[in-house]
Amino acid sequence: MPDTPQQLPAFTYWPTFPFEGDLRVKRLLEPVPIEPPRHGDNPAECRACGAPDEAYIWVSDRWRVRSLDRPTGLPAVLILESRSHLDLGDLPNMLAAELGVMTVRLERAIRSLDGVARVHVNRWGDGAAHLHLWFLARPYGRLQLQGTFLALWDDILPPISEESWRENLALVAAWLAEFGGRPLAEPPRINWTAPTKLAEEARAAADETTTFGDPGSHAEPPEPASDTSARPEITVPEPAEGNGDAPDEPKLQEDGSGQRN
């Protein structure tokens, strides 16, 4: 086709479109006669099949849920995979029915997180043969993130804190485990202070007030000390190498295009 400027499509003027300024449409390449193989077309080389359960946040006999390898701009980005090496159109009737149940269940689990308004569910499948569905949480009130560009915004927004990310993963894993399976992301733990330590701190504060404060005044006990150095970490399993579709990219970007496949 001729390499001439084209009118930009209407979606570039939507308020949800992430970019502004001068844009131009890329030249459309000629179709290839034979498409390249996807990762996992040879089951013996499938990284999803070879990944241990510890690389996931929740597992069951037939399904596993994993996260990306680091926090991104959204509250949660999770991937549902079949344990068997199957693609969407290859699922037998039982697994096809379970996929519907698991999709609804995982959507509800993510939507139960604080600050999540909607959960986008996407399946592309151009890069990996092993079935995987994406679940992306849209933050509440962020109307600019509505619609089809949420995956792009996830790469643009600054990452959420690792503490919030790990807590969200643990909460989703615990929510799923209520219906079966095994959570592998531990729930957050409270920075607990022993009652005897609280009593000692209260007595020390009272003695200080008696010495330096107004005679006869009653001091309120201080807030418990927050010893962050002794706070246990939330344990989240390390994801499998890469993110399931590409060995060198943090997300499922097999072709280097920056798209989730």
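Residue indices begin from 1 for each chain and proceed along its sequence in written order. For this predicted model, a pLDDT threshold of at least 70 governs which residues receive local features, and a threshold of 80 or more governs which side-chain atom pairs are given and counted, while totals over whole chains, interfaces and linings are taken from all residues. Hydrogens and water are ignored here; the side-chain numbers use all heavy atoms of the structure.

## Comments concerning the state of the cysteines
Stage number 1. A pair of sulfur atoms, both from cysteines and within 2.5 Å, is called a disulfide here. Enumeration over the complete set of coordinates arrives at 0 disulfides.
Stage number 2. The closest cysteine sulfur to the non-disulfide-bonded C49 is located on C46, 3.6 Å from its own sulfur.

## A few points about the packing of aromatic side chains
Stage number 1. Ring pairs are drawn from Phe, Tyr and Trp, using the six-membered ring of Trp, whenever the two centres fall within 6.5 Å, and their geometry is named by plane angle: stacked under 30 degrees, edge-to-face over 60, tilted for the rest. Going through the model one piece at a time under the given rule, you end up with 8 aromatic pairs.
Stage number 2. Centroid distance F11 to F149: 5.9 Å. Interplanar angle 50°. Geometry classified as tilted. With a gap of 138 residues between them, F11 in the segment before α1 (47-50) and F149 in the loop between β5 (132-139) and α3 (150-156) connect regions that are remote in the sequence.
Stage number 3. On the accessibility criterion, F11 (33% relative accessible area) is partly exposed.
Stage number 4. Residue classification places F149 among the buried positions, given a relative accessible area of 8%.
Stage number 5. With 5.4 Å between their ring centres and 75° between their planes, F17 and F149 make a pair best called edge-to-face. Secondary structure elements are defined from DSSP: runs of H or I of at least 4 residues count as helices, runs of E of at least 2 residues count as strands, and each element is numbered from the N terminus. Between buried and exposed lies partly exposed: a residue is buried under 20% and exposed over 50% of the maximum accessible area for its type, with that area taken using a 1.4 Å probe on protein chains only.

## Looking at the pattern of salt bridges
Stage number 1. Note on definitions: salt bridges are taken to be side-chain nitrogens of Lys or Arg within 4 Å of carboxyl oxygens of Asp or Glu. This structure, assessed with the given rule, holds 11 salt bridges.
Stage number 2. Notably, a salt bridge pairs E107 with R111, separated by 2.8 Å at the nearest N-O pair. Placement of the pair is E107 and R111 together in helix α2 (residues 93-111), with a separation of 4 residues, close to one helical turn.
Stage number 3. Its relative accessible area of 18% is what places E107 among the buried residues.
Stage number 4. If you follow the salt bridges from partner to partner, you end up with R38, D41, D87 and R123 in one network.

## Some points on the pairing of strand β2 (residues 63-67)
Stage number 1. Within β2, 5 of the 5 residues are buried, which leaves it mostly tucked inside the rest of the structure.
Stage number 2. Burial of β2 is two-sided: the residues W63, V65 and S67 facing one way and the residues R64 and R66 facing the other way are all buried.
Stage number 3. Summarising the sheet, strand β1 (residues 58-59) and β2 pair through 2 bridges and their orientation is antiparallel. Following the sheet pairing, V59 is matched in β2 by R64.
Stage number 4. Where β1 hands over to β2, the hairpin turn is made up of 3 residues, counted between the paired strands.
Stage number 5. Pairs of strands are assigned from DSSP output, requiring at least two bridges between the strands. Strand direction decides the pairing type here: β2 and strand β3 (residues 77-82), joined by 5 bridges, are antiparallel. Bridge assignment links R64 to a residue of β3, and that residue is E81.

On their own, these measurements won't tell you what the molecule is for.
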